[in-house]
Structure formats: C-alpha cells, structure tokens
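Structural characterization, general
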Amino acid sequence: MSQTNKPPVAAMTVGDTDQAETMGLLPTEAAASESKEIEPTFAPPTLALDTVDGIMTKAESNGLKPATVPSSPNAIVTFPFYPEIGRYEPQAIIGRFIVQLMKPRQLTTNERQVVFNIVKALSQIETFTRAAEERLQIKFMLTGILGVWPKATRPYEFPEVFQEAAAAILAKVEGDLDIEEVVDETRPASTSPAPASKGKKRGRKAADPRSPESRELPALDDLPVQSIMHNTVLTDGRRRVYRIDDKSATRPCNRFGHNGIAVGQWWPYRICALRDGAHGAMQSGIAGSEKSGAYSIVVSGDYDELDKDEKDILYYSGSDSNANTDPANPIVTHYTKALQQSRRDDRPIRVLRTSAGRADHCPSKGIRYDGLYRIISDGIAKNMRGGAYVRFKLVREANQPEIDMSRPTQAEKDVYDRLKNSI
C-alpha cells in the first residue's frame, strides 16, 4: 500500500508519554519497561523438525509416496486430490476425513496419501494472501488437522506427522497475513458522557453492521487513543477492522514468562495484546504448540459452564471441551496438548482476562494481563453433554504484583467507550 493511500495509523512520539500519564493512561511502552525486573523471558525450545520440508521428508519415510502437486492457490482448488470421490475441493476432503475419524475409523493408506498431498500442496504456497486463505479455507484445514473443528462432537486425531506439518504451515500463514481484528459492533454501556455527534446517524437493527457512510471513525491521531492503539491501522469497509501497521515493530508472543509486560497492563482489543507480545492468537484462548507448550491463555467466559475462576486459582478446560459427547475419551486438540506440555515442563503461563468473564475480578472492559500461573494438576471431567474433557488447575505464582483491579482506569474506560461509540 502506498504511503499516500495508507489508512491513518496510531503512533506515539516520545514527548507524548508524560502527557498521556497525566491523563491517567499508561502507555504500553512504559508498562513494558516497568516489568523487566519481574521475570526473565525464555525463548521457546528449538524444534527437532522446524521446517515443513523436514516434516514432509519424515512423512515420506513412513511409507507415503512423493507426489507432484500444484503450488498456486487457484490450481490447488481444482486439483483432483481424491478422484475416487469426484471433484471435491481440498477443504471438503479434510472435512470428510474429520467426520470419518470421529466415527471412529482410522484413515486408510490411500486416504493418508490424500492428506499428505493436500498438506504438501499447502506447504508449497510461496506467500499466503487473505484472498487465498478465504478461497481455500486454509486455516480451517490446518486447525482441523490439529484437532480443532467447530462441529466436532467426538475426539479424533490425524497422524502426528500431519499435525506437525499443519502447525508449521499455520505459523507461516499467520506470519504472512495481516494481523487484524473485526470490531465488535455492539455498543458498550458507557461509563462516561457520549461524545458529541458529528451528524445524524441512520437507524438500524441491533444485529446489523452499519454501513461506512453512517458511522464515525475514531480519531487515531488523538493522544489518548494513540497511547493505547499505537501501530494499528483502521480500515472501514462493510465492517470496521483494526490491523497491525508494522508487524516488525511487534513483540514476539512465543516467549515464556512476563515477556516484558507489566502485571495489570490493559488493552481495549485483543489485537493490542498480540501487538505487545501478551497473547499470540486472535481467536484461540490458548497460544502455544504441542512441542513448546503454552505461552498464554485467555479467560473469556466462553466455557463458563466448565471453567472456574477463583482469582488466584483457575480451573481451565482444553479447547472444544464443551462439544464432546463421548463420555470416555476427551477431545485433545493441538492446543490442549500445549497445556499438557506446559504441565510436564512445569513452566508458568501468562493469564489474561477479558470483560466477558463473569468473575468479579475480571476487567469491566477490554482485556487485562493478570500475571503468571502454573499448572499443578490436570484430570478428566464431564461437560453438560456428559462428554469427557481435560481440565487443568492453575495456581498464581508468588512474588509478583497483585492483580491490578484499578485497570482499566477511568481514563482507559473513556477511551474504550470512544472507540466503541464511534462504530
């Protein structure tokens, strides 16, 4: 995108920091500098198979045949990966295999070859674009291979080598694509006077997104907004979307420990937490991998019927835990395995809470970092459907600041309301 056509960016200058603090706003740069003495940061362990090529070579050594498959998204869509069942697109084939694995039934040698060919084709895409991701549903395929599927009602598992390849490709996909977050268009209950209207707004149904010409955009060059929304770009189409402006200026999330983040740091949106290295997933509540373990989790209220939040003690369920109907076998996804690995490694995990959580100590708005917790036990419990799931018990680490119940501050709530009320 050329500089002349670039959307507005929120950016802080050095001279703005003191002024922001006097307004009750704590810029994330300042927060990061205050937390450096709290906990050392650990780099993730090096994987034995850290390249997709190496993983695919391992698959071939397990009896799968080398295959010539396309590398362009348009060709992948129409390629006959599974001619025996007709001209199915690859995402439909993966979905078909997931259903078969849930029966349960193991994949045949020919079906494993089909999965291998699809994964190999995805691994050969040079650069992932948003259009290619949407057309091929690449994330759907990769997360499905990793055990995360929205319609899963029973546990299933692809061969380990395919999961390793899917995790490596997914990391590349997320590295290539813009980091963005679609804005929730539900207005908040404001704790401060609403901003003066700049014009008459059209009436609409509550569930419908407003058209670009009928809504106001927040001023990203406004100092209070800059202090929180720096390095973000706002695009305004059918839906409002925030995205990271310069990915090279973000802090890596795949680090253990506090990662330079102060306990109590607050953000209005999850994309800001990702930008600052707090949590590396825009949707998943668990960030990490089966090999490295979990770096962070988010308490968001999604699994309130399963999880229990007692502030310093947290009972947290693995992903897709509420969908399982199998009373004997839990759904153990790639992300649940990340938590299990953290339990084995005895590494603490960053815990973030959102305003969607029901506990009194959750933030009233946005998302807040509440410090490091360690998994001390895990076991099998039953969900409302009678299905088994893995439940983890985490205890908050000693010798770190208490959970900062003052965040968000009133000034931060005001900025949050201004951002939300401009939708």
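Residues numbered from 1 in each chain as written. Predicted model: local features only at pLDDT ≥ 70, side-chain atom pairs only at ≥ 80, totals over all residues. Heavy atoms only, no water.

Description of the overall build of the protein
Within the protein, the regular secondary structure consists of 13 helices and 12 strands. Residue burial in the protein is summarised as follows: out of 423 residues, 51% are buried. In the protein, 70% of the contacts between residues at least 6 apart in sequence involve partners at least 24 apart. When the accessible surface of the protein is summed, it comes to about 19,400 Å², and 50% of that surface belongs to carbon and sulfur atoms. (Helix = DSSP H or I, 4+ residues; strand = E, 2+ residues; numbered from the N terminus. Buried < 20%, exposed > 50% of the residue type's maximum accessible area, 1.4 Å probe, protein only. Contact = heavy atoms within 4.5 Å. Areas by Shrake-Rupley, 256 points an atom, 1.4 Å probe, with all protein chains shown as cover.)

Description of the pairing of strand β7 (residues 293–299)
Judged by how many residues are buried, β7 sits mostly within the fold: seven of seven residues are covered. Strand direction decides the pairing type here: strand β6 (residues 286–289) and β7, joined by four bridges, are antiparallel. Counterpart to A287 in the pairing with β7 is S296. Counted along the chain from β6 to the antiparallel partner β7, the turn is three residues long. Alignment of β7 against strand β10 (residues 349–354), held across four bridges, turns out to be parallel. Residue pairing in the sheet places S296 in a bridge with R350 of β10. (Pairing = 2+ DSSP bridges.)

A short note on the confidence of the model for the protein
Mean pLDDT for the protein: 80, with 77% of residues reaching 70 or above. For the stretch residues 1–6, pLDDT sits under 50, and the model shows four contacts to residues farther than four places along the chain or on other chains. Between residues 29–50, whose pLDDT stays under 50, and residues either more than four places distant or in other chains, the model counts 39 contacts. (pLDDT = per-residue confidence, 0-100.)

Structural notes on the packing of aromatic side chains
In this description, an aromatic ring pair is defined by two values, namely the gap between the centres and the angle between the planes. In the structure shown here, the tally under the stated rule is six aromatic pairs. Each ring, one from Y242 and one from Y269, has its centre 5.2 Å from the other, and the planes form 35°; the classification is tilted. With Y242 in strand β4 (residues 240–244) and Y269 in the loop between β5 (266–267) and α11 (270–275), this pair connects stretches of sequence that are 27 residues apart. For Y242, a relative accessible area of 1% gives the class buried. The exposure class assigned to Y269 is buried, which follows from its relative accessible area of 6%. Both rings, one in W266 and one in Y416, keep their centres 6.4 Å apart while their planes meet at 65°; by these two values the pair is edge-to-face. Of the two residues, W266 is situated in strand β5 and Y416 in helix α13 (residues 410–421); the sequence distance between them amounts to 150 residues. Pair check on accessibility: W266 and Y416 agree, each one buried. One Lys or Arg, R347, reaches over the ring of F256 and ends 4.4 Å from the middle of that ring. (Phe/Tyr/Trp six-rings, centres within 6.5 Å; stacked < 30°, edge-to-face > 60°. Lys NZ or Arg CZ within 6 Å of the ring centre and 35° of its normal.)

Digging into α13
Because each turn of an α-helix spans 3.6 residues, side chains separated by three or four positions in sequence point in the same direction. The first and last C-alpha atoms of α13 sit 16 Å apart over 12 residues, in line with the 16 Å expected at 1.5 Å per residue. The buried count for α13 comes to nine of 12 residues, which makes it a mostly enclosed element. Turning to α13, its buried residues are A411, E412, K413, V415, Y416, D417, L419, K420 and N421. Each element contacted by the buried residues of α13 is listed here: α10 (223–229), β4 and β5. (Expected span 1.5 Å × (residues − 1).)

Considerations on helix α6 (residues 109–123)
For α6, built from 15 residues, the straight-helix expectation of 21 Å at 1.5 Å per residue is met to within 8% by its first-to-last C-alpha distance of 21 Å. Summarising burial for α6: 11 of the 15 residues are buried, a large majority.

Structural notes on the nonpolar core
Most often, soluble globular proteins have nonpolar side chains that are buried together. Counting residues in hydrophobic clusters, the biggest one holds 64 residues, and the most contacted among them are F158, I297, L339 and L394. For I297, the contacting residues outside a window of four places in its chain are H279, G285, I286, L314, Y316, L339, I349, R350, V351, L352 and L394. (Core = buried A, V, L, I, M, F, W, Y, C linked by side-chain atoms within 4.5 Å.)

Comments concerning unusual backbone geometry
Here the residue pair K103 and P104 is connected by a cis peptide bond, since its omega of 0° sits within 30 degrees of zero. Looking at the secondary structure, you find P104 in the loop between α5 (90–101) and α6. With an omega of 5°, the peptide bond between R407 and P408 qualifies as cis. With respect to the secondary-structure elements, P408 resides in the loop between β12 (388–396) and α13.

A few points about the environment of P252
Its place among the elements puts P252 in the loop between β4 and β5. A C-alpha to C-alpha distance of 7.9 Å links P252 and G280, two positions 28 residues apart in sequence. Beyond its immediate chain neighbours, meaning those up to four positions away, P252 contacts N259 and G277.

What to know about the side chain of R353
Its location among the elements puts R353 in strand β10. Here the side chain of R353 touches D309 through a polar contact of 2.8 Å, side chain to side chain. There is a polar contact of 3.0 Å between the side chain of R353 and the backbone oxygen of K311. Contact partners of R353, with chain neighbours within four places excluded, come to V299, D309, K311, H361, C362, P363, G366, I367, R368, D370, Y373 and I403. (Polar contact = N/O pair within 3.5 Å; in protein donor to acceptor, adjacent residues only side chain to side chain.)

Observations concerning the pattern of salt bridges
According to the stated counting rule, one finds 18 salt bridges in the structure shown. Notably, a salt bridge pairs R353 with D370, separated by 2.8 Å at the nearest N-O pair. Of this pair, R353 sits in strand β10 while D370 sits in strand β11 (residues 367–382), and the two are 17 residues apart along the sequence. Just as R353 is buried, D370 falls in that class too. The residue R407 makes a salt bridge to E412 at a minimum N-O spacing of 2.6 Å. The network of salt bridges with shared partners includes D309, R353, R368 and D370. (Salt bridge = Lys/Arg side-chain N within 4 Å of Asp/Glu carboxyl O.)

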